[in-house]
Structures are given as structure tokens and as C-alpha cells.
Amino acid sequence: MRTLVILVSFLSNIFSKDFDQNFNEANNYYNNSRYLESIRIYESILIEGFESSNLYYNLGNAYFRQNQIGQSIWSYNKALKMDPRNEDLIKNISIAEARIKDRVILPDEFYFVKIYGKFKSRYILKEWLLFGGIVVLLTVVCFLILEFHIINNLKIVRVAKILMLLTVMVHIVILDKFFDDNDDKIGIIIDNQVKAYSGPFYGDNSILFNINEGTEVMIKQNQKDWTEIILLDGKSAWITSNKIRLL
């Protein structure tokens, strides 16, 4: 057992060193304006199974420098999932999205829905779980105090009731956040002027419209090398799967 632990620790150190070495090499390429080389290494790190907000952020910057807006928006959004309060990242997403041609601008959401969405997305799932655990612990402590008559106070009763309500509310948010993070139905178009077809087949007569890179779409289904998508304005079409990356 001890040998296994040592072996796992040894391999982890090797992989960590490889990650740091490759990441630093990619950063050096980026700092020397060799963006294609940096992109190649950043992407190879992702293929190996490593990911971090800094990796996605730097990858997004490299793609943006290469004027690959769709890829940069995809990378920035992946980083935002891990680091939702990064102001530089939020600013870069805004700049990149402003470069989308003919982007669909939806009407503003209902005020309270908008506030809830911002509040929920401001923290990652682990932070919400930590907060939820703390609230549950405080609720249990309050009930133990009341049960064993340590402090028999009306204020403690009120606090316990408030904490119970807060526990329910926080865990509703946690569930909502969990389903958001595990939703594989959202993707970003990564190529410009992508042809949208009426079905999973080629043909001049089957082309419905073109989609610009950086556009966010919902994924309805996949069929071999094709993906059926739904745009934010409700339009539905088929595109080749290599033109989209899942968030």
C-alpha cells in the first residue's frame, strides 16, 4: 500500500512538472508574439487532461491575437466557469463578443431574474457547496442549543428559523448551479460564415443561412459528423460538428 502511495505521488510530481514546463513554454511563445506556437502547446495541455482558468485565459488571449474570435470566446467562457469574478476576464469576453458580426441581442431579462443569474454565477459550485455546508452546520448548532436548553431564547428560535429558510434557498441555488455546470447543451461557433443546413447533409438547396464565429448556440442532437443547433432567436439548423466547441 505504501509503495502504491509513493508511486502515485511520484507520477503526480512528474505530470505536474510536465504541465508547468509546457505551460511556461507556451507563455514564452505568447510573450514573443508567436501565438500559433503558444496555441498549439496550450491545446496539447488540454488534450492531456490538464485545465485551469489561467490556461484557458491565456489560450483565449492567443486566439484573440490571431483574430480567431470564436475560439477566444470559447476559451474565455471556459475560464469564466472556473474564475467567475476575474474582472480582466469579464472585460476580455465583452471585447471579444463585440467583434461578433450580426450577433443576436436578446431583450433584457426580468430584473430579478437578471440579478439572480449574476449572483448565482458569481461563485463556483465548490464555493456554493461550502456556503451551504456552513449554513447547515449553523442550523444544527442552533437546534442543539434549543434542544439541550443551553440558551432558551426567542432570538435563537428566530435565528434557527431564518437559517432553515436560508438552507433551503442556498440548496436550490446549488442544484441550479450544478445543472448549469453539467449542461453539455451549449456550444460556441468557432469558424466564420458557417453554413447552416436544413438537415444533416450537404447541398446548395439545403443551406438556410450562415452563422458567424463566436455565436452561442444550444445543441439539440448529434448525428455522426453533424450537430443540430438552435440559435438564441429560435432558428434551428444543422452544421458540421467540427465548427462548434462545447462549453
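Note that the structure is predicted; figures quoted are calculated from it, not measured.

The rules behind these values
- Residues numbered from 1 in each chain as written.
- Predicted model: local features only at pLDDT ≥ 70, side-chain atom pairs only at ≥ 80, totals over all residues.
- Heavy atoms only, no water.
- Phe/Tyr/Trp six-rings, centres within 6.5 Å; stacked < 30°, edge-to-face > 60°.
- Buried < 20%, exposed > 50% of the residue type's maximum accessible area, 1.4 Å probe, protein only.
- Lys NZ or Arg CZ within 6 Å of the ring centre and 35° of its normal.
- Helix = DSSP H or I, 4+ residues; strand = E, 2+ residues; numbered from the N terminus.
- Expected span 1.5 Å × (residues − 1).
- Contact = heavy atoms within 4.5 Å.
- Salt bridge = Lys/Arg side-chain N within 4 Å of Asp/Glu carboxyl O.

Enquirer: How should the packing of aromatic side chains be read in this particular structure?
Expert: Under the defined criterion, the tally for this structure stands at 16 aromatic pairs. A ring pair is formed by Phe119 and Tyr123, whose centres lie 6.2 Å apart and whose planes are at 80°; its orientation type is edge-to-face. By relative accessible area, Tyr123 is classed as partly exposed at 30%. The interplanar angle of 70° and the centroid separation of 5.6 Å between the aromatic rings of Phe178 and Phe179 together place this pair among those described as edge-to-face. Owing to a relative accessible area of 39%, Phe178 belongs among the partly exposed residues under this scheme. Classification of Phe179 by relative accessible area gives exposed; the value is 55%. Aromatic ring contacts, followed pair by pair, group Phe19, Phe23, Tyr42 and Phe50 into a single cluster. Stacked on the ring of Phe209, the Lys or Arg Lys235 has its end atom at 5.3 Å from the ring centre.

Enquirer: Explain helix H8 (residues 154–181) to me, please; I cannot follow it from the model alone.
Expert: Residues three or four positions apart in an α-helix share a direction because the helix packs 3.6 residues into each turn. The terminal C-alpha atoms of H8 lie 40 Å apart, and with 28 residues this matches the ideal 40 Å at 1.5 Å per residue to within 8%. Those residues of H8 hidden inside the fold are in contact with helix H6 (111–121) and helix H7 (125–147).

Enquirer: I tried to follow the pattern of salt bridges on my own but got confused; where do I start?
Expert: Side-chain pairs of opposite charge can arise where the charged atoms are in close proximity. All told, the structure shown has eight salt bridges when counted by the stated rule. Notably, a salt bridge pairs Arg34 with Glu37, separated by 3.3 Å at the nearest N-O pair. Two residues, Asp191 and Lys243, come together in a salt bridge whose shortest N-O distance is 2.9 Å. Residue Asp191 is located in the loop between strand S1 (186–189) and strand S2 (194–197), and its partner Lys243 is located in the loop between strand S6 (236–240) and strand S7 (244–246); the two are separated by 52 residues in the primary sequence. Exposure remark for Lys243: the relative accessible area of 24% places this residue in the partly exposed category. Each of the salt bridges in this network shares a partner with another, and the network as a whole consists of Lys120, Asp176 and Asp180.

Enquirer: I tried to follow the side chain of Gln71 on my own but got confused; where do I start?
Expert: Structurally, Gln71 can be placed in helix H4 (residues 69–82). Note on Gln71: relative accessible area 10%, which makes it buried. With near-sequence residues (within four places) excluded, Gln71 lies in contact with Tyr63, Ile190 and Arg245.

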